[in-house]
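Residues per chain are reported as follows:
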Amino acid sequence: MANIKDVAARAGVSVATVSRVLNGHSPVAATRERVLAAVQELGYRPNNVARALRTARTGALGLIISDLTNPFFTELADAVEDEARSLGYSLVIGNAGERPAQQDDYIRTLLDRRIDGLLVSSAGTGSAMLAEVVGSGTPLVLLDRSVPGIDAPCVRADGRAAMSDLAAHLAALGRRRPAIIVAPAGTPTGEERLGLFRSALATHGIDLPDERVGAAPDLQHTGGRRVMSALLDLPQRPDMVLATDNLMALGAMDELKARGLRVPDDVALVSYDDVPWFAHTDPPLTVIAQPTRELGRVAVHTLLERIERRPADSVLLPARLVTRHSCGEPHTAR
């Protein structure tokens, strides 16, 4: 079985450099790539038990995902795992299922396993155990969703520019009666996206009255369909709907289809979040796409900074508008 000296010899570096790479501290990218290539070629596996005894670390990171059935969070978890593994860390994942109590159970389990640090894409508005994580000194980074009152850096997407682009796009297409399907009332993400959309529309003289704002009971297909039904029953039907989550967008599409309404001829539809099949629906769906894989990568590196007790700030990565054909765009639009 290969040992760390074999890896160092194959990569042409010192044993100390191999150790630094495996702990996420490679001095340059080229060195890291050589070491990781040697690790893979030789099938080297670090002895995490011995390493933990020497360094009080286990080489394991924890990740709590708010809902693994949501394609956005599935891809996010995959990106986190890829980056953690490339840096020599194992990853333990817990699915909160959008239930704060379940999230707390997973946090307790992960802390008992003496993980080196924890990434949390929080269920709802957070949970009691998050404050305990901060108090315990366990390095914590929030992912995708900030949590009021929790002193930890957050890595998430910034939708401001994308919402501004969407509002300009809708105005140019003559859409003057927009509506929005938002996350359950009180969730920071839903309130933020509503505020950004309303403000962006106002710059083009387009109103978004409260009757065209629908708060879903959950971030699921059923919630999106229920709110779309209510919006379509308004005395004056909206001519465009923004669903602020991909599963809610699917529910909205189903309700439109069930009523015999066509996208975009009868109602335009936009999703906040892109998933691979949105480019292949009929019509292909215009979306605000978040940089999902980059969010996962940056979150891992931010957590490693916290593990090393170095300053780590919150990070905002820009979302972007991807125009297809669900708002009545010409078929040359991309």
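Quick note: structure is the one above.
Every residue gets a number counted from 1 within its own chain, in the order that chain's sequence is written. Thresholds applied to this predicted model are a pLDDT of at least 70 for local features of residues and 80 or more for the giving and counting of side-chain atom pairs; totals over whole chains, interfaces and linings are not thresholded and use all residues. Hydrogens and water are ignored here; the side-chain numbers use all heavy atoms of the structure.

**Q** Which residues make up the overall build of the protein, and what values do they have?
**A** Each helix corresponds to a stretch of at least 4 residues labelled H or I by DSSP, and each strand to a stretch of at least 2 residues labelled E; elements are numbered beginning at the N terminus. In terms of helices and strands, the protein carries twelve helices and twelve strands. In the protein, which comprises 334 residues, the share counted as buried stands at 51%. Contact definition: two residues touch when any of their heavy atoms are within 4.5 Å. Sequence separation of at least 24 residues holds for 70% of the intrachain contacts in the protein that already meet a minimum separation of 6. Computed by Shrake-Rupley with a 1.4 Å probe, the accessible areas treat only the displayed protein chains as cover when residues are assessed. Summed over its atoms, the accessible surface of the protein is roughly 14,900 Å², and 50% of this surface lies on carbon and sulfur atoms. For the charge count, each Lys or Arg is scored as positive and each Asp or Glu as negative, with His and the chain ends excluded. Lys charges are placed at NZ, Arg charges at CZ, Asp charges at CG and Glu charges at CD. Each charge class in the protein was averaged separately, 37 positive and 40 negative side chains, and the resulting centres sit 5 Å apart. Whether a residue is buried, partly exposed or exposed follows from its accessible area with a 1.4 Å probe, protein chains only, as a fraction of its type maximum: under 20%, in between, or over 50%, in that order.

**Q** Residue-level account of unusual backbone geometry, with values.
**A** Note the cis peptide between Val263 and Pro264, where omega equals 5°. Structurally, Pro264 is set in the loop between helix H11 (246-258) and strand E9 (268-272). In this structure, Pro283 follows Asp282 across a cis peptide bond, with omega equal to 0°. Looking at the element boundaries, Pro283 is found in the loop between E9 and strand E10 (286-289). The residue Arg114 is not glycine, and still its phi comes out positive at about 60°. The topology assignment puts Arg114 in the loop between helix H6 (100-112) and strand E3 (117-120).

**Q** An account of the sheet that holds strand E2 (residues 90-95) is needed here, citing residue identities and associated values.
**A** Strand pairing is assigned whenever DSSP detects at least two bridges linking the two strands. Read from one edge of the open sheet, six strands run E2-E1-E3-E4-E5-E11, paired in parallel fashion. Since the sheet does not close on itself, it has two edges, and those belong to E2 and strand E11 (315-318), each with one partner. This sheet shows a mean twist of 20° between the axes of neighbouring strands, independent of strand direction. In this structure, strand E4 (residues 140-143) lies alongside strand E5 (residues 154-158), joined through two bridges in parallel fashion. Its bridge partner lying in E5, Leu143 is registered against Val155. To get an axis, fit a line to the C-alpha atoms, keeping to the stretch in contact for a helix; angles then go from 0 to 180 degrees between the N-to-C directions. Relative to E4, helix H12 (residues 292-307) is tilted by about 165°, and along the sheet it contacts strand E1 (60-65), E3, E4, E5 and E11.

**Q** Please give an account of the pairing of strand E6 (residues 178-182) that cites residues and values.
**A** Most of E6 sits inside the fold, with five of its five residues counted as buried. Here E6 shows two buried faces, one formed by Pro178, Ile180 and Val182 and the other by Ala179 and Ile181. Judged from the four bridges that link them, E6 and strand E8 (residues 240-243) form a sheet pairing that is parallel. Looking at E8, one finds that Pro178 is bridged to Met240. Sheet topology note: the E6/strand E7 (residues 213-215) ladder contains three bridges and is parallel. For Ile181, the partnering residue across the bridge sits in E7 and is Gly214. When the strands point away from the viewer, a crossover counts as right-handed if the route from the first strand across the helix to the second turns clockwise. Taken together, E6, helix H9 (residues 188-202) and E7 form a β-α-β motif whose crossover is right-handed.

**Q** I'd like a description of the layout of surface pockets, backed by residues and values.
**A** Each pocket or cavity is described by its volume, and for the second largest pocket that value is around 310 Å³. Of the grid points, spaced at 1 Å and generated over the protein atoms alone, those admitting a 1.4 Å probe that cannot get out make up cavities, while open sets with protein on both sides within 12 Å along at least five of seven lines make up pockets; any residue with an atom within 4 Å of a point is treated as lining. Lining the second largest pocket are 23 residues, with Glu98, Arg145, Ala183, Thr187 and Leu219 positioned closest to its centre. The set of elements that each furnish at least two residues to the lining of the second largest pocket consists of helix H5 (71-86) and H9. Of all the elements, H9 adds the most residues to the lining of the second largest pocket, at three residues. Of the residues contributing to the lining of the second largest pocket, the split by class is eight nonpolar, eight polar and seven charged. Grid points are joined across faces, edges and corners, and a volume is the space filled by probe spheres set on the points. Think of it as three bins: nonpolar holds Ala, Val, Leu, Ile, Met, Phe, Trp, Tyr, Cys and Pro, charged holds Asp, Glu, Lys and Arg, and polar takes everything else, Gly as well.

**Q** Go over the packing of helix H1 (residues 4-11) against helix H3 (residues 29-42) with me, naming the residues and quoting the values.
**A** At a closest axis distance of 9 Å, the pairing of H1 and H3 adopts a crossing angle of 125°. Between H1 and H3, the angle is such that the two are oblique. For the crossing formed where H1 meets H3, the hand is right-handed. Judged by residue contacts, Asp6, Val7, Arg10 and Ala11 of H1 engage Arg34, Val35, Ala38, Val39, Glu41 and Leu42 from H3. Of the residues in the contact of H1 with H3, the class split is six nonpolar, no polar and four charged. Here the word oblique covers every angle except those under 35 degrees (roughly parallel), over 145 (roughly antiparallel) and from 65 to 115 (roughly perpendicular). Each crossing gets its handedness from the near helix: less than a right angle anticlockwise from the far helix is left-handed, clockwise is right-handed.

**Q** An account of the pattern of salt bridges is needed here, citing residue identities and associated values.
**A** Between side chains of opposite charge, a pair can form as their charged atoms come close. Salt bridges are counted wherever a side-chain nitrogen of Lys or Arg sits within 4 Å of a carboxyl oxygen of Asp or Glu. Following the criterion strictly, the structure yields 17 salt bridges and no others. Across the pair Glu305 and Arg310 runs a salt bridge, and its minimum N-O distance is 2.9 Å. According to the relative accessible area criterion, Glu305 is partly exposed, its value standing at 28%. The class of Arg310 is partly exposed, set by a relative accessible area of 37%. What you see here is one network of salt bridges that share partners, running through Asp78, Asp82, Arg85 and Arg293.

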